[in-house]
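Overview (structure and organization)
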Amino acid sequence: MATANDRAVLQTIFNPSTPFGDIPGLDEEEEDSQEEAEPFAPELLEQVRDLELQGVSAAESGDLSTALERFGEAIRLLPERASAYNNRAQALRLRGDVAGALQDLDTAIRLSRGHGRAACQSLVQRGLIHRLQGRDAEARQDLEHAARLGSTFARRQLVLLNPYSALCNQMLCEMLGQLRNPGGTGSE
């Protein structure tokens, strides 16, 4: 059986641009221990988690209406839990409702007090939206916070936001290309 570190290495190799460093099962123990401290009834928490899983499955299959319904049900049952707002924001963004997504991300970050997995994912999502809107200063702030919470994806995005780093990466790629093809012109 592979260790958590083995799964992390394989995930990075096969899916280098995956946000949040998501590796199925890697953070379950940490997430469960964080949620145990939340003041939610265990039966209700289980029901909400199930609704969120149904919503994620629906979104992955392209059924955004069902996904939004499931996330909405989860929010109605536990309106003080950040995770469902984060998930609904993703579905809203996919549907094209960026303003609604930003509102849910703000709520998720506020409810999580800027800590934990839901906060990290919400900060990355909001940072990416800000970046797409050309609001680089706000994007940088969210991505820096997410990076401090452990997001390797946020760290990579911060490198891309740094013009000096981008220039260094470009020069490094050109040099590696020349090393691979010493007789070539350097451009392929």
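That block above? That's the structure.
This structure is a prediction, so every number in the text was calculated from the model and none was measured.

Here the focus is the overall build of the chain. For the chain, the helix and strand inventory stands at 10 helices and zero strands. Secondary structure elements in the chain, listed N-terminal to C-terminal, are α-α-α-α-α-α-α-α-α-α. Residues counted as buried form 35% of the 188 residues belonging to the chain. If you take every contact in the chain between residues at least 6 apart in sequence, the share linking residues at least 24 apart comes to 49%. Here the chain has roughly 11,500 Å² of accessible surface; of this, 53% comes from carbon and sulfur atoms.

Another aspect to go through is the environment of Arg-156. Mapping Arg-156 onto the fold places it in helix 9 (residues 152-161). By relative accessible area, Arg-156 is classed as partly exposed at 33%. In this structure the C-alpha to C-alpha distance between Arg-156 and Leu-143, which are 13 residues apart in sequence, comes to 9.3 Å.

Moving on to the packing of helix 8 (residues 136-148) against helix 9. The N-to-C vectors of helix 8 and helix 9 enclose an angle of 145°; their axes lie 8 Å apart at closest approach. For the crossing formed where helix 8 meets helix 9, the hand is left-handed. Across the interface between the two elements, Asp-136, Ala-139, Arg-140, Leu-143, Glu-144, Ala-146 and Ala-147 from helix 8 touch Ala-154, Arg-155, Gln-157, Leu-158 and Leu-161 from helix 9. Its residues placed into classes, the contact of helix 8 with helix 9 shows seven nonpolar, one polar and four charged.

A separate point is the nonpolar core. In this structure, Ala-74, Leu-78, Ala-82 and Tyr-85 are the most contacted members of the largest nonpolar core, which totals 13 residues. When contributions to this core are tallied by element, the ones reaching two or more residues are helix 3 (42-60), helix 4 (64-77), helix 5 (82-95) and helix 6 (98-112). Those residues in contact with Tyr-85 that sit more than four places away from it in its chain are Ile-75, Pro-79, Asp-104, Thr-107, Ala-108 and Leu-111.

What follows deals with a nonpolar patch on the surface. Taken together, the side chains of Leu-172, Met-175, Leu-176 and Leu-179 define a hydrophobic patch exposed on the protein surface, amounting to about 410 Å² of accessible area. The residue Leu-176 is located in helix 10 (residues 163-180) in this model. Take Leu-176: its relative accessible area is 36%, and that puts it in the partly exposed class.

Moving on to the side chain of Asp-104. Its location among the elements puts Asp-104 in helix 6. Beyond its immediate chain neighbours, meaning those up to four positions away, Asp-104 contacts Tyr-85, Arg-88, Ala-89 and Leu-92.

Inspection of the secondary structure puts Asn-86 in helix 5. For Asn-86, the side chain forms a polar contact with the side chain of Gln-125, separated by 2.8 Å. Not counting chain neighbours up to four residues away, the residues in contact with Asn-86 comprise Leu-105, Ala-108, Ala-118, Gln-121, Ser-122 and Gln-125.

Attention now goes to the pattern of salt bridges. Inspection of every chain in the model, using the stated rule, returns seven salt bridges. Across the pair Asp-104 and Arg-88 runs a salt bridge, and its minimum N-O distance is 2.5 Å. Of this pair, Asp-104 sits in helix 6 while Arg-88 sits in helix 5, placing them 16 residues apart in sequence. Look at Arg-88 and you get partly exposed, because its relative accessible area is 21%.

Looking now at helix 6. With 15 residues, helix 6 extends 21 Å from end C-alpha to end C-alpha; this agrees with the ideal 21 Å at 1.5 Å per step. When helix 6 is considered as a whole, its buried residues turn out to be Gly-100, Ala-101, Leu-102, Asp-104, Leu-105, Thr-107, Ala-108, Ile-109, Leu-111 and Ser-112. Where the residues of helix 6 are buried, they touch helix 5 and helix 7 (116-132). Positive backbone phi, at 60°, marks Arg-113, one or two positions downstream of helix 6.

The rules behind each value
- Residues numbered from 1 in each chain as written.
- Predicted model: local features only at pLDDT ≥ 70, side-chain atom pairs only at ≥ 80, totals over all residues.
- Heavy atoms only, no water.
- Helix = DSSP H or I, 4+ residues; strand = E, 2+ residues; numbered from the N terminus.
- Buried < 20%, exposed > 50% of the residue type's maximum accessible area, 1.4 Å probe, protein only.
- Contact = heavy atoms within 4.5 Å.
- Areas by Shrake-Rupley, 256 points an atom, 1.4 Å probe, with all protein chains shown as cover.
- Axes fitted to C-alpha atoms, helices over the stretch in contact; angles between N-to-C directions.
- Left-handed = near helix turned anticlockwise from the far one by under 90°.
- Nonpolar A, V, L, I, M, F, W, Y, C, P; charged D, E, K, R; others polar.
- Core = buried A, V, L, I, M, F, W, Y, C linked by side-chain atoms within 4.5 Å.
- Patch = residues over 30% accessible without salt bridge, like charges linked within 9 Å, V, L, I, M, F, W, Y side chains within 5 Å.
- Salt bridge = Lys/Arg side-chain N within 4 Å of Asp/Glu carboxyl O.
- Polar contact = N/O pair within 3.5 Å; in protein donor to acceptor, adjacent residues only side chain to side chain.
- Expected span 1.5 Å × (residues − 1).

So far we have only geometry, and geometry alone does not tell us how the molecule works.
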